[in-house]
Amino acid sequence: MIPLGAVEFSPGEVAMILAVLTLGATALALPATLTFAWVGHRRATQHRGWAAFGYWLTGTAICLATTALAADRGLGWWAVPLGWIPTLLLAVALRPRSDPKAS
């Protein structure tokens, strides 16, 4: 085997790697973040699209942070579904009632 030494990346390559990782992580977070966006859409009284987008951004930030923390603990691919848990729990806690006049 030929020793290759340390692998060095240019700043442009590092930026591309980080962009691909971020887009991939965002795509993997969609099951939880789209659920949270639906909750935002249902809770809004005006501008439902913007509310859903805001909830989606918030859910994505929570999901990515949780996934990164779980991956840092060495959980491998289990970090992805574990990253969904806080966003899904928040979606359940904030889900709107089917009848707003019910007590």
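Everything here concerns the structure above.
What follows covers unusual backbone geometry. Backbone geometry follows two general trends: most residues other than glycine have a negative phi, and most peptide bonds adopt the trans configuration. The phi dihedral of His 47 falls on the positive side, at around 55°, and the residue is not glycine. Within the fold, His 47 resides in the loop between helix H2 (30-43) and helix H3 (48-72). With a relative accessible area of 59%, His 47 lands in the exposed category.

Attention now goes to the packing of aromatic side chains. Tallied over the full model, the rule gives 3 aromatic pairs. Seen in terms of ring centroids, Phe 36 and Tyr 55 are 5.1 Å apart; in terms of plane orientation they differ by 45°. Their pairing is tilted. Taken together, the positions of Phe 36 in helix H2 and Tyr 55 in helix H3 put the pair 19 residues apart, joining distant regions of the chain. A relative accessible area of 3% means that Phe 36 is categorised as buried. Note on Phe 53 and Trp 56: the rings are 6.2 Å apart at their centroids and 25° apart in plane angle, and the pair reads as stacked. Here Phe 53 pairs with Trp 56, and both are found in helix H3, just 3 residues apart, close to one helical turn. Cluster of aromatic residues (ring-pair linked, three or more members): Trp 50, Phe 53 and Trp 56.

What counts and how
Residues numbered from 1 in each chain as written. Predicted model: local features only at pLDDT ≥ 70, side-chain atom pairs only at ≥ 80, totals over all residues. Heavy atoms only, no water. Helix = DSSP H or I, 4+ residues; strand = E, 2+ residues; numbered from the N terminus. Buried < 20%, exposed > 50% of the residue type's maximum accessible area, 1.4 Å probe, protein only. Phe/Tyr/Trp six-rings, centres within 6.5 Å; stacked < 30°, edge-to-face > 60°.

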